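Here is what each chain is made of, one letter per residue.
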Amino acid sequence: TSIGDNALRAANYYYQFIILLVPNALALIRDATTRALLFQGISVTAVALFIFTAGGQSYNIVPYAFFWK
């Protein structure tokens, strides 16, 4: 991969700030219609991403099988 594990571990420290940033950024939008559309768009994207990444086997790992089977 082009991104090392160390960079991904360092990014974990910033997740808490991202969780706080998104609602605050949405609260700054004055137009209620735009705010609602952005909130729904972010929610649908988050749910779709969860379904896409959680479906099927984790990491496509082949289950262990004994050599005599």
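Residues numbered from 1 in each chain as written. Predicted model: local features only at pLDDT ≥ 70, side-chain atom pairs only at ≥ 80, totals over all residues. Heavy atoms only, no water.

1. A word on the overall build of the protein
Inference 1: Secondary structure assignment for the protein yields three helices and zero strands.
Inference 2: For the protein, the α and β elements follow one another from N to C terminus as α-α-α.
Inference 3: For the protein, the proportion of its 69 residues judged to be buried stands at 1%.
Inference 4: Taken as a whole, the protein presents about 6800 Å² of accessible surface, with 69% of it coming from carbon and sulfur. (Helix = DSSP H or I, 4+ residues; strand = E, 2+ residues; numbered from the N terminus. Buried < 20%, exposed > 50% of the residue type's maximum accessible area, 1.4 Å probe, protein only. Areas by Shrake-Rupley, 256 points an atom, 1.4 Å probe, with all protein chains shown as cover.)

2. Here we look at the packing of aromatic side chains
Inference 1: Counting across every chain of the model gives one aromatic pair.
Inference 2: With a centroid separation of 6.5 Å and 45 degrees between ring planes, the pair formed by Tyr14 and Phe17 is classed as tilted. Across this residue pair, the class does not change: Tyr14 and Phe17 are exposed. (Phe/Tyr/Trp six-rings, centres within 6.5 Å; stacked < 30°, edge-to-face > 60°.)

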